[in-house]
Amino acid sequence: LTSRICIYANRVMAVGEWEERWDDGRTGFHQPQVHKMLELNIDKVLAGRPGVRFFFPLCGKAVDMKWLADRGHSVVGVEISEKAIKQFFEENNLAYSEEPVPSIPGAKVYKSSEKNICLYQCDLYKFSSSIEGQFGAIWDRGSLVAINPRDREKYAALLTSLMAQDCRYLLDTLLYNPDLYPGPPFLVPDEQVHSLFGPSCDVELLQSVDAMTERHRSWNIDYLTENVFLVTLKKV
């Protein structure tokens, strides 16, 4: 496994590369419908709680955000691409306001007027609990698998710091042969999910499914497994 991780550990995507993908419309990772893994596991995430505050790291223009807001939950997302954020509001016919974020130079926050959705346009690592507090749920689809692999410890520390004591963090990862495809999305081995979050959290595998589609065949991989974990803080 270690040699496998070495293969992709040095792969780096500059923040600007993601912005370019949005500008050029190269966003094959965007899904026009609510993600099935969120739908299938929403009861486990909510655990009977109404009005849960959800955090979406690297949210893009995920339709999942409106789906949750329509059900009475609130959503805070962080995304580097201004284009993605504006498209989210426009495509969902949501009026929004735009204002600077004093504690993050250069950042802006876009707020929906009628739905409880706030999207921060900034570098994810500049975001912190001092800005929006902690969250009751996190939906991580296309975030851990998108960040540079060498930043995973920093990422896990940030996400853990954003978890309220009762937070239920739904994490979606991908397994494939990295000899055949360099990413992104990057391979996240199960062992690494446990090493990143295990020290402070309980990590439960909820689902493991064959996720291969025609689009993925174009990556020349021979298999693609999608795993969904529920990560919860250990009881103190």
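Summarised in this report is the structure supplied together with it. Just so we're clear, the structure is a prediction, and the values are computed from it rather than from any experiment. (Residues numbered from 1 in each chain as written. Predicted model: local features only at pLDDT ≥ 70, side-chain atom pairs only at ≥ 80, totals over all residues. Heavy atoms only, no water.)

### Regarding the overall build of the chain
So, step 1. Within the chain, the secondary structure is distributed over nine helices and nine strands.
So, step 2. Each principal axis of the C-alpha atoms in the chain carries an extent, and together these give about 45 × 45 × 30 Å.
So, step 3. The buried share among the 236 residues of the chain stands at 54%.
So, step 4. Restricting the contact set of the chain to residue pairs at least 6 apart, pairs at least 24 apart contribute 67%.
So, step 5. Total accessible area on the chain stands at roughly 10700 Å², and carbon and sulfur atoms take up 50% of it.
So, step 6. One way to put it: in the chain the 26 positive side-chain charges average out to a point 1 Å from where the 32 negative ones average out. (Helix = DSSP H or I, 4+ residues; strand = E, 2+ residues; numbered from the N terminus. Buried < 20%, exposed > 50% of the residue type's maximum accessible area, 1.4 Å probe, protein only. Contact = heavy atoms within 4.5 Å. Areas by Shrake-Rupley, 256 points an atom, 1.4 Å probe, with all protein chains shown as cover. Lys, Arg positive; Asp, Glu negative; His and termini not counted. Charge placed at Lys NZ, Arg CZ, Asp CG, Glu CD.)

### Focus on helix 3 (residues 36–46)
So, step 1. Buried within helix 3 we find M37, L38, N41, I42, V45 and L46. Projected down its long axis, helix 3 carries its buried residues within an arc of 165°, all on one side. Exposed side chains of helix 3 directed beyond 90 degrees from the buried face belong to L40 and D43.
So, step 2. Of the surrounding secondary structure, the elements contacted by the buried residues of helix 3 are strand 1 (53–57), helix 4 (64–70), strand 6 (135–141), strand 7 (163–175), strand 8 (201–210) and strand 9 (225–233). (Arc of directions from axis to C-beta.)

### Quick notes on the packing of aromatic side chains
So, step 1. Tallied over the full model, the rule gives nine aromatic pairs.
So, step 2. Pairing F89 with Y96 gives two aromatic rings, centres 4.8 Å apart and planes at 25°, and the pair type is stacked.
So, step 3. Relative accessible area serves as the criterion here: at 0%, F89 is assigned to the buried category.
So, step 4. For Y96, a relative accessible area of 27% puts it in the partly exposed group.
So, step 5. Among the aromatic side chains, those forming a connected cluster through ring pairs are F55, Y120, F127 and F135.
So, step 6. Its guanidinium or amino end placed over the ring of W18, R21 lies 5.2 Å from that ring's centre, counting from NZ or CZ.
So, step 7. The aromatic ring of Y125 is capped on one face by K154, whose charged end is 4.1 Å from the ring centroid. (Phe/Tyr/Trp six-rings, centres within 6.5 Å; stacked < 30°, edge-to-face > 60°. Lys NZ or Arg CZ within 6 Å of the ring centre and 35° of its normal.)

### Section: the pattern of salt bridges
So, step 1. Per the counting criterion, the structure on display carries 11 salt bridges.
So, step 2. Here K36 makes a salt bridge to E226, at a shortest N to O gap of 3.8 Å. Here K36 is found in helix 3, whereas its partner E226 is found in strand 9, with 190 residues between them in sequence.
So, step 3. Of the residues examined, K36 reaches a relative accessible area of 46% and is grouped as partly exposed.
So, step 4. Note that E98 is salt-bridged to K108, the shortest N-O span being 3.5 Å. Of the two residues, E98 is situated in strand 3 (residues 96–100) and K108 in strand 4 (residues 108–112); the sequence distance between them amounts to 10 residues.
So, step 5. On the basis of relative accessible area, K108 is assigned to the partly exposed category, the value being 26%.
So, step 6. Taken together, the shared-partner salt bridges connect E82, K86, E98 and K108 into one network. (Salt bridge = Lys/Arg side-chain N within 4 Å of Asp/Glu carboxyl O.)

### What to know about helix 8 (residues 190–197)
So, step 1. Listed in full, the buried residues belonging to helix 8 are Q192, V193, L196 and F197. The buried residues of helix 8 occupy an angular sector of 110° when projected down its axis, which confines them to one face.

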